[in-house]
Amino acid sequence: VQLVESGGGLVQPGGSLRLSCAASGFTFSSYAMRWYRQAPGKERELVAGINGDTGSTYHAESAKGRFTIFRDNAKNTVYLQMNSLKPEDTAVYYCAAAKTLVSTITDYWGQGTQVTVSS
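Residues numbered from 1 in each chain as written. Predicted model: local features only at pLDDT ≥ 70, side-chain atom pairs only at ≥ 80, totals over all residues. Heavy atoms only, no water.

*Asks:* Looking at this structure, how should I read the pattern of salt bridges?
*Replies:* Pairs can form between side chains of opposite charge whenever their charged atoms are close. As enumerated under the stated definition, the model contains five salt bridges in all. Ionic pairing is found between aspartate 89 and arginine 37, a salt bridge with its closest N-O pair at 2.9 Å. On the criterion of sequence distance, the pair formed by aspartate 89 in the loop between β8 (77-82) and β9 (91-98) and arginine 37 in strand β4 (residues 32-38) is long-range, its members being 52 residues apart. Taking relative accessible area as the criterion, aspartate 89 reaches 0% and is therefore assigned buried. (Salt bridge = Lys/Arg side-chain N within 4 Å of Asp/Glu carboxyl O. Helix = DSSP H or I, 4+ residues; strand = E, 2+ residues; numbered from the N terminus. Buried < 20%, exposed > 50% of the residue type's maximum accessible area, 1.4 Å probe, protein only.)

*Asks:* Is there a simple way to think about the nonpolar core in this case?
*Replies:* Grouped burial of nonpolar side chains is what soluble globular proteins tend to show. In terms of nonpolar packing, the biggest core is built from 28 residues, with Met33, Trp35, Leu80, Met82 and Tyr93 touching the most fellow members. Those elements that place two or more of their residues in this core are β3 (17-24), β4, β5 (45-50), β7 (67-72), β8, β9 and β11 (113-117). Apart from the residues within four sequence positions on either side, leucine 80 is in contact with Leu17, Arg18, Leu19, Trp35, Val47, Ala48, Phe67, Thr68, Ile69 and Tyr93. (Core = buried A, V, L, I, M, F, W, Y, C linked by side-chain atoms within 4.5 Å. Contact = heavy atoms within 4.5 Å.)

*Asks:* Help me understand the pairing of β7 in this model?
*Replies:* Every regular strand shows the same layout, with side chains that alternate between the two sheet faces. The alternating pattern of β7 places Phe67, Ile69 and Arg71 on a buried face, while none of Thr68, Phe70 and Asp72, on the opposite face, is buried. In the sheet, β7 pairs with β8 via six bridges, with the strands oriented antiparallel. Within the sheet, the bridge partner assigned to phenylalanine 70 lies in β8 and is tyrosine 79. Between the end of β7 and the start of β8, which pair antiparallel, lie four residues, with asparagine 76 showing a positive phi angle near 50 degrees. (Pairing = 2+ DSSP bridges.)

Keep in mind these numbers describe shape, not what the thing actually does.
Right under this line is the structure:
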């Protein structure tokens, strides 16, 4: 099983980034996918999630209106479109797979991609 994130980098406040997470080794469409982030000195937090079949989504309050999670099951890829980025969005972003959107267990994790929002 592999989850490989890409698309992170340095961006100015107000800018945009699109993170991608390419999955392999499991039945991608059967899993809910999530994006988490962890800033230095802080706990990992759930940013957004999306169901495998219905496409139902969840976005944390900090992400609502700025971030959008979506997936392409044909490409085994989940994305996180991030707009209007703020310095407080700076973190390592991880994608993860779980059986359902509300499952308490996360089955697979990616290695993370750094997002830095700074002028």
